[in-house]
Number of protein chains: 2
Amino acid sequence: MMAEMKMSDFLDRLSSPAPVPGGGGVCAYAAALGMSLGSMVANLTTGKKKYAEHEEEIREILKKAAVVTKGLASCMDKDAEAFEPLAKAYGLPKNTPEEIEQRTEVMENALCAAGEAPLALMKEILEALLLLSRLSVIGSRLAISDVGVGVQLCKAALNGASLNVYINTKFMKNRRIAEDMNKRAKEMAQRGSKMADEIFEEVAGTLCGKK
Amino acid sequence: MMAEMKMSDFLDRLSSPAPVPGGGGVCAYAAALGMSLGSMVANLTTGKKKYAEHEEEIREILKKAAVVTKGLASCMDKDAEAFEPLAKAYGLPKNTPEEIEQRTEVMENALCAAGEAPLALMKEILEALLLLSRLSVIGSRLAISDVGVGVQLCKAALNGASLNVYINTKFMKNRRIAEDMNKRAKEMAQRGSKMADEIFEEVAGTLCGKK
């Protein structure tokens, strides 16, 4: 598993020209960091008298956030797995018309799979944003900046993942499927960004004394 | 060093109620991930005939990016070090007027130091954004989405770090110093966000066939 790497080694490997890890795995980890910050805030809220009325919901969020973080971290490996066939397809011969035809078909499937991985990641990030959204309202005020950071990271991961959809669909021949994938990516990116911006404004407003 | 941790262990530790790592360390690592993606793109560009005219600049960027990534990763530790005195100050006794006075003074200095750490991080992130900006123009088109992801992460880290300034200055007594720190944070956040948005639009436009 990629998350078993040391953080410094991951930076080194990422900097290299090796095909993985790349932007996809980074987006998955960044979102996992964002959700973990949410867990931290929930852990700083649970058991506190001041927030007793939300205790049950906070515990529920803690459970869900652990599942989402795990799901996001596993997307690092799924992204790498989805990219592998594409890297192989690029290496296929294209000397005869038959080879070109076969390469095109293999490539098409590989591009589609490589584009579906970030779409699955985006769906998971929206789950993280929903939990962070609740924490921005009911989480400990002392750690509210961490909700804001978590939201920023999830938004970055969401928009980053959308690019990883577009760079794959761009080369697909079947434009109907490609456009459908683009549409799903765009819709999730817009919905999540709106949610993230609203939470961030709320947090920044609280911190800058506007509220 | 914090970056010596395994990625999965970091997520676990982050999720816990322990004071560090927190939002500050996460922002530093997220920006380091963003800059490393820039290095990857530069490494995929160097030595390629198609980009030969930019070879010298790409090599220069590779050198600078390695320094910036190292600086960003070290900000993880600096943030934790700056937070430690603050965590201790919160624990000081406040039973007598003398104790309260002493606690207030220690706290004020600790808050100021804890707020300066994210400001130093923000300055470093702006350096990363400048390098990514150039890569969005002269980097390999095949990896352009990775520049976009890197930019998103740096922007998230920049805005996240600004919150870490505000949450410390909020409790400072010396409002002149506090407002000056807020002003520096706001200026860097706005300048960097604008730069990031422009690069991202450029990348997304290229990918979605608008350019």
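Everything below is about the structure printed above this text.
The text that follows walks through the structure, step by step, so that each part is easy to find. (Residues numbered from 1 in each chain as written. Chains lettered and ligands numbered in written order. Predicted model: local features only at pLDDT ≥ 70, side-chain atom pairs only at ≥ 80, totals over all residues. Heavy atoms only, no water.)

**Side note on the interface of chain A and chain B**
Counting residues at the interface gives 56 residues for chain A, matched by 56 residues for chain B. Roughly 4500 Å² of surface becomes buried between chain A and chain B when both sides are summed, with 72% attributable to carbon and sulfur atoms. Of the charged contacts in the structure, one is a salt bridge between Glu4(B) and Lys6(A), with a shortest N-O distance of 2.8 Å. Across the contact surface, chain A and chain B share 22 residue pairs in polar contact (both at pLDDT 80 or more). At the level of secondary structure, the elements contributing two or more residues to the side of chain A that touches chain B comprise helix H1 (7–15), helix H2 (23–45), helix H3 (55–90), helix H5 (144–169) and helix H6 (175–207) of chain A. When the residues that make up the side of chain A that touches chain B are grouped by side-chain class, the tally is 34 nonpolar, 17 polar and five charged. (Contact = heavy atoms within 4.5 Å. Buried area = accessible area lost by both parts, 1.4 Å probe. Salt bridge = Lys/Arg side-chain N within 4 Å of Asp/Glu carboxyl O. Polar contact = N/O pair within 3.5 Å; in protein donor to acceptor, adjacent residues only side chain to side chain. Helix = DSSP H or I, 4+ residues; strand = E, 2+ residues; numbered from the N terminus. Nonpolar A, V, L, I, M, F, W, Y, C, P; charged D, E, K, R; others polar.)

**Here we look at unusual backbone geometry**
Among all residues save glycine, negative phi is the norm, and among peptide bonds the norm is trans. Look at the link from Val20(A) to Pro21(A): it is a cis peptide, with omega at 0 degrees. Looking at the secondary structure, you find Pro21(A) in the loop between H1 and H2.

**Thoughts on the relation of the copies chain A and chain B**
One copy of the chain maps onto the second through a rotation around an axis plus a translation along that axis. For the pair chain A and chain B, the relating rotation is 180 degrees, the translation along its axis is 0.0 Å, and the fit reaches an RMSD of 0.0 Å. Both chain copies can therefore be described as sitting about a two-fold axis. Across chain A, the smallest distance between a C-alpha and the rotation axis is recorded for Lys6(A), namely 2.0 Å. By residue overlap, the copies meet face to face through one surface: 100% of the interface positions of chain A are interface positions in chain B. (Least-squares fit on C-alpha atoms with pLDDT ≥ 70 in both.)

**Comments concerning the environment of Thr45(A)**
Residues and elements named next belong to chain A. Locating Thr45 in the fold gives a position in helix H2. Once the C-alpha coordinates of Thr45 and Arg141 are considered, the two residues, 96 residues apart in sequence, prove to be 8.7 Å apart. Excluding its chain neighbours within four sequence positions, the residues that come into contact with Thr45 are Tyr51, Glu55, Ile58, Ile138, Gly139 and Ser140. A distance of 2.6 Å separates a polar atom in the side chain of Thr45 from the backbone oxygen of Val41.

**A word on the nonpolar core**
Formed by 150 residues in total, the largest nonpolar core has its most connected members in Phe10(A), Tyr29(A), Phe10(B) and Tyr29(B). In this structure Phe10(A) touches Met2(A), Met5(A), Pro21(A), Val26(A), Met76(A), Met7(B), Tyr29(B) and Leu33(B), once residues within four positions along its chain are discounted. (Core = buried A, V, L, I, M, F, W, Y, C linked by side-chain atoms within 4.5 Å. Buried < 20%, exposed > 50% of the residue type's maximum accessible area, 1.4 Å probe, protein only.)

**Digging into the side chain of Ser8(A)**
For Ser8(A), the position within the fold is in helix H1. Classification of Ser8(A) as buried rests on a relative accessible area of 16%.

**Considerations on the state of the cysteines**
For the structure on display, the rule yields zero disulfides over all chains. Cysteine Cys27(A) is unpaired, with the sulfur of Cys75(A) as its nearest cysteine sulfur at 11 Å. Not engaged in a disulfide, the cysteine Cys112(B) finds its nearest cysteine sulfur in Cys75(B); these two sulfurs lie 17 Å apart. (Disulfide = S-S within 2.5 Å.)

**Notes on the environment of Gly38(B)**
Residues and elements named next belong to chain B. Position of Gly38 relative to the elements: it lies in helix H2 (residues 23–45). Under the relative-accessibility criterion, Gly38 is labelled buried at 0%. Spatially, the C-alpha atoms of Gly38 and Arg191 are 20 Å apart, while their sequence positions differ by 153 residues. With sequence-adjacent residues up to four places away left out, Gly38 is seen in contact with Leu132 and Leu135.

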